[in-house]
Amino acid sequence: SREFSLCDYIPDHSAAFNAIPKHYQGLGLMFSMGCDHQTGGVDDVPTCKMKEIVVQGDQLLYNKDLGEYKEAKEAGIITRPVILSPISYLVLGKASKEAPATFQPLLLLPKILPVYKPTGVESVQINEPILVFDKGANLNKQYAFAYAEIVPIAPKIILTTYFNHLDSNINFITKLPIADLHIDLIHAPQQLGKVLSAIKSTLIMISLGVVSAQTAIAALSADHVIIVTSSSLLHAPVTFAYEMKLTEQQRAKASKVATIAAVLSGSQDPKACAALEVCIAKCCQFESTLDDAVRKCVADITPDICNCKSPFATHKEVQAKHLNLPKLPTTTIGSFPQIKEICTACAKLNKGEISEVEYDEFIRKEIVMIVKFQEKVNLDLVHGEPEYNDMVQYFGEQLNGFIFTQNTWVQSCGSHLIILPTVVFNISCPKLMTIKWSSYAQSVSTKTMKGMLSDPVTILNSLPS
């Protein structure tokens, strides 16, 4: 249980502790924290930073985790509650403006530990996102203290990490009183051997977050391994039932985890396994026959591709003469805000309430307004990207190799929501993506206009598991 949120786990946790900034109090709390709140008046508030907490948050107002567990149990389903670690919560957080300058949120650890009481449950999953970062390496004493306090009141603890590898943190994790350890083999498959060696002499079970699990299955027997998703289902579609544009091959990934787990337990349905094998074969055939030009392009890559035609000092001088910028040019980073009017126009276009011609005319007016504003305040010009629905989705929809769901919204950056993107085969660019609007923006000003686009690394790192 606890695989659902109106916003994100961090704001949920903060709300339960009443550890949220005062201007987010009241009706529509989660909506205003996750997607900002614009009324056109003095009550407007921006999206809440995921790391923003307040000092007074040391008393639990309500227990969302236990409430959802009981709700599922009443429906005849025994679940495992998922909670955010008190240490990860405090380390990722920051103190409010009212806090003393010397205050550190981690000092609240002894105060909030007593409210971590997963009573009446068979097992509890504790998410530890900071254990895949360097900042977790020096907290071994705090972890020993916290888990020693939690264990007497908790039955079976599954310590869960995701999106990266544990590195040296595994050395003190194996000394914690936990039953299971979950690692992410999608984003960090290289950690498997080290983790297996570290837990070999312990009683700790290992939980593997996998989709393509051949390597993991070969390494462990069914008595020592649990197959699950690599990270929370909060970042994935609940169902593909209403995604009418997805093919059978594109749906295959969703059923792999359940089938792999069934294979290990010996309880798999032969028909389901056979159907999955056929579907995976179709996926391989589907991918292998598409856009072979990409493979040829990759095969032709040599080290020379990283070499510039001229030294940096040379092209810097040429660029400076061409752009003729002032000594201290000032510009903006990222797109201009997607104000209510832009979001409304985009929604109307998607619903068919306005035509593409009408939408393009609206975007032109927005670009003119943005450019004239920058000229007025003497900024180095960007066109503002009012046409972007999202920095990843906008480009992904114009590239071959991506698919996007119709109805599934997921977290992208913090509390920002996007339509779920998935890479299904080799990515290629069939057309120019940014020239149309960058050229128009340049046409309405005599100053140099910068073009902007999302780089490939940003796009790939924004993809959910």
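Whatever comes next refers back to the structure up there.
Here we summarise the structure given alongside this text. Source: prediction; values computed, not measured.

## What about the packing of aromatic side chains?
In this structure the tally under the stated criterion is seven aromatic pairs. With centroids separated by 5.4 Å and ring planes inclined at 90°, the aromatic side chains of Tyr-394 and Phe-395 adopt a geometry described as edge-to-face. We classify Phe-395 as buried; its relative accessible area is 1%.

## Here's the deal with the pairing of strand S2 (residues 123–127)
On a regular strand, each side chain points to the face opposite its neighbour's, so the side chains alternate between the two faces of the sheet. The buried count for S2 comes to five of five residues, which makes it a mostly enclosed element. Along S2, one buried face is formed by Ser-123, Gln-125 and Asn-127 and the opposite face, lined by Val-124 and Ile-126, is buried too. Bridging between strand S1 (residues 82–84) and S2 involves three bridges; their strand directions are parallel. Of the residues in S2, the one forming a bridge with Ile-83 is Ile-126. Bridge analysis of S2 against strand S3 (residues 156–160) gives five bridges, and the strand direction is parallel. The residue of S3 that forms the bridge with Ile-126 is Leu-159.

## Quick look at the environment of Thr-330
When you line up the elements, Thr-330 lands in the loop between helix H14 (312–323) and helix H15 (340–351). Classification of Thr-330 by relative accessible area gives partly exposed; the value is 45%. For the pair Thr-330 and Asn-378, spaced 48 residues apart in sequence, the C-alpha to C-alpha distance is 8.0 Å. Thr-330 has contacts with Leu-379 and Asp-380, leaving out every residue within four places of it along the chain.

## Overview of the packing of helix H16 (residues 356–376) against helix H18 (residues 435–443)
Two measures define how a pair of helices packs: the angle their axes make with one another and the distance between the axes. Contact geometry for H16 and H18: axes closest at 10 Å, N-to-C directions at 45°. As the angle between them shows, H16 and H18 are arranged oblique. Here the hand of the crossing between H16 and H18 comes out right-handed. Between H16, through Asp-360, Ile-363, Arg-364, Ile-367, Val-368 and Val-371, and H18, the contact on the second element is made entirely by Lys-436, Trp-437, Tyr-440 and Ala-441.

## As for the packing of H15 against H16
In the contact formed by H15 and H16, the axes pass within 10 Å of each other and the chain directions differ by 165°. Of the possible angle classes, the one that applies to H15 and H16 is roughly antiparallel. Taken as a pair, H15 and H16 cross one another with a handedness that is left-handed. Residues Glu-341, Ile-342, Ala-345, Cys-346 and Leu-349 of H15 lie in contact with H16, whose contacting residues are Glu-356, Tyr-359, Phe-362 and Glu-366.

## Quick notes on a nonpolar patch on the surface
A cluster of nonpolar side chains, Val-298, Ile-301 and Ile-305, forms an exposed patch at the surface whose accessible area comes to about 300 Å². Along the chain, the position of Ile-305 falls in the loop between helix H13 (292–299) and H14. Residue classification places Ile-305 among the exposed residues on the basis of a relative accessible area of 60%.

## Quick word on the pattern of salt bridges
Scanning the model with the defined rule gives seven salt bridges in all. With a closest N to O distance of 3.6 Å, Asp-180 and Lys-156 form a salt bridge. With Asp-180 in strand S4 (residues 180–184) and Lys-156 in strand S3, this residue pair connects regions lying 24 residues apart in the sequence. Of the residues examined, Asp-180 reaches a relative accessible area of 2% and is grouped as buried. On the accessibility criterion, Lys-156 (36% relative accessible area) is partly exposed. Close ionic contact of Lys-436 with Asp-360 constitutes a salt bridge, the shortest N to O distance being 3.0 Å. Of this pair, Lys-436 sits in helix H18 while Asp-360 sits in helix H16, placing them 76 residues apart in sequence.

## Some details on the state of the cysteines
Applying the stated criterion across every chain yields a total of zero disulfides. Of all cysteine sulfurs, the one in Cys-308 lies closest to Cys-306, which takes part in no disulfide; the gap is 9.3 Å. Unpaired in terms of disulfides, Cys-346 finds its nearest cysteine sulfur in Cys-343, a separation of 7.4 Å.

## Re the nonpolar core
Ranked by internal contacts, the top residues of the largest apolar core, which has 43 residues, are Tyr-143, Tyr-147, Leu-166, Ile-173, Ile-178, Leu-181 and Ile-183. Ignoring anything within four residues of it in the chain, the contact list for Leu-181 reads Leu-159, Leu-166, Ile-170, Ile-173, Val-195, Ile-204, Met-205, Ile-206 and Ser-207. In this structure, Cys-346, Tyr-388, Phe-402 and Met-433 belong to the second largest nonpolar core, which totals 21 residues.

## What about H15?
Here H15 is 12 residues long and its end C-alpha atoms lie 16 Å apart, about the 16 Å a rise of 1.5 Å per residue gives. Buried within H15 we find Ile-342, Ala-345 and Cys-346. Looking straight down H15, one finds its buried side chains confined to an arc of 100°; they lie on one side. Projecting away from the buried face of H15 at angles above 90 degrees are the exposed residues Lys-340 and Lys-351.

## A word on H16
Here H16 is 21 residues long and its end C-alpha atoms lie 30 Å apart, about the 30 Å a rise of 1.5 Å per residue gives. Within H16 the residues assigned to the buried category are Tyr-359, Asp-360, Ile-363, Glu-366, Ile-367, Ile-370, Val-371 and Gln-374. For H16, the buried positions fall inside an angular range of 135° around the axis, keeping them on one side. Opposite its buried face, H16 presents the exposed residues Val-357, Lys-365 and Lys-376, each directed more than 90 degrees away. Contacts from the buried residues of H16 go to H15, strand S7 (381–382), H18 and strand S10 (449–450). In the stretch just after H16, Asn-378 is the one whose phi turns positive, near 60°.

## So, the side chain of Glu-128
One can find Glu-128 in the loop between S2 and helix H6 (140–150). Taking the relative accessible area as the measure of exposure, Glu-128 reaches 0% and is therefore buried. Here the side chain of Glu-128 touches Ser-85 through a polar contact of 2.7 Å, side chain to side chain. One polar contact links Glu-128 to Ser-88, side chain to side chain, over a distance of 2.8 Å. What Glu-128 contacts, discounting residues up to four positions off in sequence, is Ser-85, Ser-88, Tyr-143, Tyr-147, Leu-159, Thr-160 and Thr-161.

Rules used throughout
- Residues numbered from 1 in each chain as written.
- Predicted model: local features only at pLDDT ≥ 70, side-chain atom pairs only at ≥ 80, totals over all residues.
- Heavy atoms only, no water.
- Phe/Tyr/Trp six-rings, centres within 6.5 Å; stacked < 30°, edge-to-face > 60°.
- Buried < 20%, exposed > 50% of the residue type's maximum accessible area, 1.4 Å probe, protein only.
- Helix = DSSP H or I, 4+ residues; strand = E, 2+ residues; numbered from the N terminus.
- Pairing = 2+ DSSP bridges.
- Contact = heavy atoms within 4.5 Å.
- Axes fitted to C-alpha atoms, helices over the stretch in contact; angles between N-to-C directions.
- Parallel < 35°, antiparallel > 145°, perpendicular 65-115°, else oblique.
- Left-handed = near helix turned anticlockwise from the far one by under 90°.
- Patch = residues over 30% accessible without salt bridge, like charges linked within 9 Å, V, L, I, M, F, W, Y side chains within 5 Å.
- Areas by Shrake-Rupley, 256 points an atom, 1.4 Å probe, with all protein chains shown as cover.
- Salt bridge = Lys/Arg side-chain N within 4 Å of Asp/Glu carboxyl O.
- Disulfide = S-S within 2.5 Å.
- Core = buried A, V, L, I, M, F, W, Y, C linked by side-chain atoms within 4.5 Å.
- Expected span 1.5 Å × (residues − 1).
- Arc of directions from axis to C-beta.
- Polar contact = N/O pair within 3.5 Å; in protein donor to acceptor, adjacent residues only side chain to side chain.

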